[in-house]
Amino acid sequence: MTHLPPLFADWFAAKGWQIHPHQQDMLDRAEAPALLLIAPTGGGKTLAGFLPTLVDLASQPHAGLHTLYVSPLKALAADIKRNLTTPVTEMTLPVRIEDRTGDTTATQKRRQRADPPHILLTTPESLALLTSYPDAPHIFKGLKRVIVDEIHALAESKRGDQLMLALGRLQTLCPDLKRVGLSATVEDPAAIAHSLACHPDPCEILQADPGPAPDIAMLTTDAAPPWSGGGARYAIPAVLDLVRQHKTTLIFHNTRAQAEIFFHNLWLANEDSLPIGIHHGSLDRAQRQKVEAAIVAGQLRAIVCTGTLDLGIDWGDVDLIIQIGAPKNVKRLVQRIGRANHRYNAPSKARLVPANRFEVVECVAAIDAALAGDLDGDPRGPGPRDVLCQHILITAAAGSFDADALFAEITTVGAYSTLTRAGFDACLDFVATGGYALRGYDQWQRLKQAPDGTWALRDPRGDRRIRMNIGTIQDTDTLKVRMKNTRGGKPLGEIEEAFAATLTPGDTFLIGGRIVRYDSLREMTVQVTRDAAKKPKIATFMGTKFATSTQLSQRILRLFQQEIWPDFPAHTADWLALQRRVSRLPEPDRLLIECFPHDGRTHHAIYGFAGRNAMQTLGLLLTKRMEELGLDPLGFLATDYATLIWGLEPITDPAPLFDIDALRDGLDRWLAGNAVMKRTFRASATIAGLIDRNTPTARKSGRQASFSSDILYDTLAKYDPNHLMLQITREEAMRGLVDFGRIEDMARRIGPRVDLITLDRLTPLAAPLMLETGRVPVQGMAEERLLAEEAARLMATAGLPPP
Amino acid sequence: MNGCEITLHGARLTTLGSGALWWADQSLLCVSDLHLCKSERMARRGGPNLPPYETRDTLTRLAADLDHTQARTVVCLGDSFDDLQAAQSLLEEDRLWITRLQAGRHWVWIEGNHDPGPIDVGGSHLAELFVPPLTFRHIATHGTSGEISGHYHPKVTLPTRGRRISRPAFLVDNDRLIMPAYGTYTGGLRSHDGVLASLMQPDASAILTGAVPTRIPMPRL
């Protein structure tokens, strides 16, 4: 056992603290090449991660960077800096701590490269950027440890893949580098350890005491949740009561739009003028920071927020979590519950507020699963190659490289450990030339090979463009919103471009909890004026679409099968009973299809319960089959539990539609050309560096970017279908968006047991589907029919004979 | 043939779903604003890097229309090349393809604002072409009659039951016809635009391109 140096032991004693067993474990294993610590929030995880660094720095002087800390959130880096400064100051340790994120000034960044601090706190994107500089070997010289915080949040995304590739780079620069991962409760620690390890070396896993079980329950209200919708407005009086009874409450929402609406309504009902703030990713940075400061200072009683506060910012006094809307995934729920109560060994308290009656069922299922510790998650496949392409570009920006050495380095990264040389060479060739079809094009000739075989940028000035486009996060395209005045106006936040396009001058919408009136659009900025009186049109943000896990879906289907629902609130039990009476409830081994008219079109609700992505694929395949059968589909949308298809003709015989072999045949054909694939292509082509999101002159608007990416996709699909970017698009689609495996599972489960029920109106279960966003249009003969109808109507109105 | 019949100054014309105009009595096919080699010009000017396939795509569609109609005269109504330098960058195989399409035909390149000078491919190069009773020129001029022009690339957006449909469109009234763009990477000017509204008479029609060309009163709001 490594004894805590007296300086540290005294400090702990002065605080009245005892070193936690897992903190001691981390100290004992300080020399392990890779370590994953799993500890609940509030368990002193961060200190456990930094203790070996602080002890080392206290015992011997170190020049330059010693420890790199990477977190998924820049706010977290700032927060950790504050928390680390306390022991460093109190023990007067010779340690310089700085952060480096998108918010750091250019001057400071330059200085950090010349004279790095001992501890640098950063994000995956800022780290990738650092590795792209020719002076990276100087910056990282002497680096001993890397701490990846909230590694579970990164391990499931391309940001994590990019980070691990960067760690591979650092390991080459500093062969003795030790890696530490910190994580809250996860369902598969081994998978995370595998991604953190320097392959083929292992990564040890330390499990801290998980602490007491959380106090988690459904919020009981007098009012029943509505049939549909996501606002949970009905629960506002009950939520305000809870806020009054607690010190600080975080009120989580799944989307920004919902958070905005809820916040607005909360203020209208806030008769005691309790200080309540709002925090989400679309708000202006200054406004967000103001709210964060107010939370830390304990000035707010409640904060309406979204996923931006999911991760461990140390709020200290938060004693209640309210989750509005179904959490969709048990792991996220457990994460959010952990936000409450940072005192170790005290249970976290959380209340779930279903936004509609369907979500009551989902919340019950989620609470059951959370209490049972039954976390969900799907294994991730091999590392995505679009991220690899970007990594090759980043490597080239830093200087010339040898392909063999780079390949060897990349295969030390867990996710890329199975990458073949041919797979790597294809990426290198793409980065170097643009791939076969684009070879003739000068702009895509990015790399050249020197006579000694090493690769370098063809035009050394290309490094700037590469750095400008580093990152794997695909923002929804947004426009800045500002108050209109002569001096540019106060920035309020951002709205989605697609939403802005629907606004006409005079329209009102909500942002930052206030109602504003759309005035004009000037150079990518939406100018607005104050407008207090009117009822707002609602700001729409796509936000993150969470997919309900299959595990949760199966729990829901099992709950449906109960004869009666004594554990449910009466309104929900009544609602399910009504659904059973007017139609029926979906069953695990059958497929229910409801067919009903709505809004002048025929709608079909197909309750597959296969998860959003699989249901989306089913929508694409079914509408394709319907088009072939002359059923004139117009579009569809998918949720986790159902696909809704609307069109001009009803399905009368579902059997030929659900023939799994025919569906599989259709898969390849639609993979070639549909809106979802184009979206996937756009994301991957941007990550892989085929499309520059940012250019030295200006950031491209979403419409411009999708214009060129759609054309690229169409032409590559037509003239070079085997182009690497199309291969990657297919891989990505199969990975996340398609989930054809789940459709096959569903088909196997239901066999021939398909129930088509024709009704004259919307059913209770179908109602929530109507409010979902993410509608996918189908381009087909239905459009010609609509056009002909409308033309006939217009000609008749104009008094002209039909054509 | 999939098209919409109209009469302009006594000439019986067919607007095709592809965006071409077919004059059967003259065996004349007119296409406008091909903007060939647009990708090259955009890339040259630091715009987005579009793959250089739009020329091939445009020519593929033109070849199909020529195949259908067996036209003896082809009128390209201006802005056939995105600019003169773009025309120089035409790939050899595409140049040969155009030559093959021109074989046995009278081929007229009308001068556009993008391609004012002569170009190094076969065919005649004219400022405008008069084939009684019609005049073919690139940009519509006020106060003329019997005119076929391009340049503005009209498009029409139409709300229908459940969907907004946006298509390139022909605009036509008793005096003139304005063609949609035929080129692959070309956008359009909405029929609501003031320029188009002032050029076209109140009773003008729009004919939407697509699988089934559809005629409607020209939308102005």
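Just so we're clear, the structure is a prediction, and the values are computed from it rather than from any experiment.

(A) Region of interest: the overall build of chain A. Across its full length, chain A holds 29 helices and 26 strands. Buried residues in chain A amount to 57% of all 803 residues. Excluding contacts between residues fewer than 6 apart, the proportion of contacts in chain A whose partners are at least 24 apart in sequence is 72%. Accessible surface, chain A as shown: approximately 32,100 Å² in total, 53% of it carbon and sulfur.

(B) Just the sheet that holds strand β10 (residues 276–279) of chain A, in detail. All names here are of chain A. Pairing within the open sheet is parallel, and its six strands lie in the order β8-β13-β12-β9-β11-β10. Edge positions in the sheet fall to β8 (215–218) and β10, since each of these pairs with one other strand and no more. The sheet shows a mean angle of 20° between the axes of neighbouring strands, direction not considered. Alignment of strand β9 (residues 248–252) against strand β12 (residues 318–324), held across five bridges, turns out to be parallel. In the strand pairing of β12, T248 is matched with V318. Set on the sheet, helix α13 (residues 285–296) makes contact with β10 and β11 (302–305); between it and β10 the angle comes to about 135°. Contacting β8 and β13 (349–353), helix α15 (residues 357–371) crosses the sheet at an angle of about 165° to β8.

(C) How the structure looks around the nonpolar core. All names here are of chain A. Formed by 78 residues in total, the largest nonpolar core has its most connected members in F560 and Y607. Ranked by residues supplied to this core, first place goes to α15 with 10 residues. Residue contributions to this core reach at least three from each of two domains, namely domain 2 (215–372) and domain 5 (583–646 + 752–803). With sequence-adjacent residues up to four places away left out, Y607 is seen in contact with P586, L591, L592, E594, Y641, A642, T763, L765 and A766. In this structure, L68, M164, L167 and F424 belong to the second largest nonpolar core, which totals 73 residues.

(D) Quick peek at the sheet that holds strand β7 (residues 124–126) of chain B. Residue and element names in this part refer to chain B. If you walk across this open sheet you meet the seven strands as β1-β2-β3-β4-β5-β6-β7, and the pairing is mixed. Lying at the two open borders of the sheet, with one neighbouring strand each, are β1 (3–8) and β7. Shown here is a sheet whose adjacent strand axes are inclined to one another by a mean of 25°, direction ignored. Pairing geometry for β1 and strand β2 (residues 11–16), over six bridges, is antiparallel. Each residue of the ladder has a partner; that of I6, found in β2, is L13. Each of β2, β3 (21–23), β4 (28–31), β5 (73–76) and β6 (106–110) is contacted by helix α2 (residues 54–69), which is oriented at about 160° to β4, the strand it contacts most.

(E) Representation of helix α18 (residues 421–433) of chain A in the model. All names here are of chain A. For α18, with 13 residues, the first-to-last C-alpha span of 18 Å sits near the 18 Å given by 1.5 Å per residue. Looking only at α18, the buried set comprises G423, F424, C427, L428, F430, V431, A432 and T433. Directly beyond the C-terminal end of α18, a positive phi value near 90° is found at G434.

(F) Expanded view of unusual backbone geometry. Residue and element names in this part refer to chain A. The omega torsion of the bond from H199 to P200 falls at 5°, within 30 degrees of zero and hence cis. Here P200 is to be found in the loop between α10 (189–196) and β7 (204–207). The backbone phi angle of D599 is positive, close to 60°, even though this residue is not glycine. Mapped onto the elements of the fold, D599 is located in the loop between β21 (591–598) and β22 (601–607). With relative accessibility at 54%, the residue D599 sits in the exposed group.

(G) Representation of the packing of aromatic side chains. For the coordinates displayed, the defined rule picks out 11 aromatic pairs over all chains. Here W11 of chain A and F12 of chain A contribute two aromatic rings whose centre-to-centre distance is 5.5 Å and whose plane-to-plane angle is 85°, an arrangement assigned as edge-to-face. One exposure class covers both W11 of chain A and F12 of chain A, and it is buried. Taken together, a centroid distance of 6.3 Å and an interplanar angle of 65° make the contact between F12 of chain A and W17 of chain A edge-to-face. The structure contains a cluster of three or more aromatic residues connected by ring pairs, namely W11, F12 and W17 of chain A. The positively charged end of R61 of chain B is found above the aromatic ring belonging to Y182 of chain B, 4.9 Å away from the centroid.

(H) Layout of the pattern of salt bridges. Residues and elements named next belong to chain A. Enumeration over the complete set of coordinates arrives at 34 salt bridges over all chains. Between E731 and R385 there is a salt bridge; the shortest N-O distance is 2.8 Å. Separated by 346 residues along the polypeptide, E731 in helix α27 (residues 724–738) and R385 in helix α16 (residues 385–398) bring together distant segments of the chain. Take R385: its relative accessible area is 10%, and that puts it in the buried class. Put simply, D599 and R601 hold a salt bridge, and the shortest N to O gap is 2.9 Å. On the basis of relative accessible area, R601 is assigned to the buried category, the value being 10%. Because the salt bridges share partners, they merge into one network encompassing R96, E98, R111 and D115.

(I) Structural view of helix α21 (residues 550–560) of chain A. Buried within α21 of chain A we find L552, S553, R555, I556, L557, L559 and F560 of chain A. Tucked into the core, α21 of chain A has its buried residues touching α14 (330–337), α15 and α22 (570–582) of chain A.

(J) Seen up close, the confidence of the model for chain B. Model confidence for chain B is summarised by a mean pLDDT of 87, while 92% of its residues fall at 70 or above. The ipTM value of the predicted complex is 0.76, and its pTM value is 0.70.

(K) Focus on the packing of α15 of chain A against α22 of chain A. All names here are of chain A. Two numbers describe how α15 lies on α22: the axes approach to 9 Å, and their chain directions differ by 110°. Compared by their axis directions, α15 and α22 come out roughly perpendicular. In this structure, α15 contributes R357, F358, V360 and V361 to the contact, and α22 contributes H571, T572, W575 and L576. Taken together, the residues of the contact of α15 with α22 break down into five nonpolar, two polar and one charged.

(L) Representation of the pairing of β6 of chain B within the structure. Residue and element names in this part refer to chain B. Buried residues dominate β6, accounting for four of its five residues. In terms of strand pairing, β5 meets β6 through four bridges, oriented parallel. Looking at β6, one finds that C76 is bridged to W109. Of the strand pairs in this sheet, β6 and β7 are connected by three bridges, and their pairing is parallel. Bridge pairing links W109 to H125 in β7.

The rules behind each value
Residues numbered from 1 in each chain as written. Chains lettered and ligands numbered in written order. Predicted model: local features only at pLDDT ≥ 70, side-chain atom pairs only at ≥ 80, totals over all residues. Heavy atoms only, no water. Helix = DSSP H or I, 4+ residues; strand = E, 2+ residues; numbered from the N terminus. Buried < 20%, exposed > 50% of the residue type's maximum accessible area, 1.4 Å probe, protein only. Contact = heavy atoms within 4.5 Å. Areas by Shrake-Rupley, 256 points an atom, 1.4 Å probe, with all protein chains shown as cover. Pairing = 2+ DSSP bridges. Axes fitted to C-alpha atoms, helices over the stretch in contact; angles between N-to-C directions. Core = buried A, V, L, I, M, F, W, Y, C linked by side-chain atoms within 4.5 Å. Domains from an automatic or database assignment. Expected span 1.5 Å × (residues − 1). Phe/Tyr/Trp six-rings, centres within 6.5 Å; stacked < 30°, edge-to-face > 60°. Lys NZ or Arg CZ within 6 Å of the ring centre and 35° of its normal. Salt bridge = Lys/Arg side-chain N within 4 Å of Asp/Glu carboxyl O. pLDDT = per-residue confidence, 0-100. Parallel < 35°, antiparallel > 145°, perpendicular 65-115°, else oblique. Nonpolar A, V, L, I, M, F, W, Y, C, P; charged D, E, K, R; others polar.

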